[in-house]
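Residues per chain, in single letters:
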Amino acid sequence: LEIRRFHFVPIGGTAMVPLAALLLEQGHRVTGSDGPLYPPMSTTLERLGIPVAAGFASSVRAAFEKARGRLAARSHRSNRVEKAVEVVMARHAHG
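Just so it is clear, the model here is predicted, and its values are computed rather than measured.

(A) Quick look at the sheet that holds strand 1 (residues 5-8). With parallel pairing, three strands are arranged side by side in an open sheet as 1-2-3. Edge positions in the open sheet fall to strand 1 and strand 3 (52-54), since each of these has one partner strand only. On average, adjacent strands in this sheet sit at an angle of 20° to one another, irrespective of strand direction. In this sheet, strand 3 lies alongside strand 2 (residues 29-34) in parallel orientation, the contact comprising three bridges. Bridge pairing links Gly32 to Val52 in strand 3. Sheet strands in contact with helix 1 (residues 16-25) are strand 1 and strand 2, and its direction is about 170° off that of strand 1.

Right, here's the structure in full:
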């Protein structure tokens, strides 16, 4: 298994936290960005040791929008794409 780094934008959602936990369990490096988080998501991420950056850096936002555009361009089912975008992971390498 190739170890990858995943950065979730946003990470605090009810679908994102379990997905992040599964990737972490498989040995991947996981980080995220989000606005203010509250229990139980904040405490779960903390317990898992997943670092969460406050807010959204413009570079992360740009990468997310680029991924969204690629998905939309490849699909004729825009409704399905929009739903998928809600759970898409923007892979983003930090320093």
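Let's pick the thread back up.
(B) Spatial organisation of the pairing of strand 2. Burial runs high along strand 2: five of the six residues are buried. Taken together, the four bridges between strand 1 and strand 2 define a ladder with parallel strand orientation. Counterpart to Arg5 in the pairing with strand 2 is Arg29. In terms of handedness, the path from strand 1 via helix 1 over to strand 2 forms a crossover that is right-handed. With helix 2 (residues 41-48) bridging strand 2 and its parallel neighbour strand 3, the resulting β-α-β unit is right-handed.

(C) Up close: unusual backbone geometry. Residue Pro10 is bonded to the preceding Val9 through a cis peptide linkage, with omega at -10°. The residue Pro10 is located in the loop between strand 1 and helix 1 in this model. The omega angle of the peptide bond from Pro39 to Pro40 is 5°, so this bond is cis rather than trans. Within the secondary structure, Pro40 sits in the loop between strand 2 and helix 2.

(D) Main features of the confidence of the model for the chain. Scored by pLDDT, the chain comes out at a mean of 76, with 65% of its residues at no less than 70. For the chain, per-element mean pLDDT is lowest for helix 4 (residues 78-85), which scores 48, and highest for helix 2, which scores 95.

(E) Representation of the environment of Leu1 within the structure. As for its position among the elements, Leu1 is in the segment before strand 1. In sequence terms Leu1 and His28 are 27 residues apart; their C-alpha atoms lie 9.3 Å from each other. Those residues in contact with Leu1, other than ones at most four positions away along the chain, are Gln26 and His28.

(F) Layout of helix 1. Within helix 1, the full set of buried residues consists of Met16, Val17, Ala20 and Leu23. Across the axial projection of helix 1, the buried residues extend over an arc of 125°, all falling on one side. A positive phi of about 100° marks Gly27, the residue just after helix 1.

Basis of the calculations
- Residues numbered from 1 in each chain as written.
- Predicted model: local features only at pLDDT ≥ 70, side-chain atom pairs only at ≥ 80, totals over all residues.
- Heavy atoms only, no water.
- Pairing = 2+ DSSP bridges.
- Helix = DSSP H or I, 4+ residues; strand = E, 2+ residues; numbered from the N terminus.
- Axes fitted to C-alpha atoms, helices over the stretch in contact; angles between N-to-C directions.
- Contact = heavy atoms within 4.5 Å.
- Buried < 20%, exposed > 50% of the residue type's maximum accessible area, 1.4 Å probe, protein only.
- Right-handed = clockwise from strand over helix to strand, strands pointing away.
- pLDDT = per-residue confidence, 0-100.
- Arc of directions from axis to C-beta.

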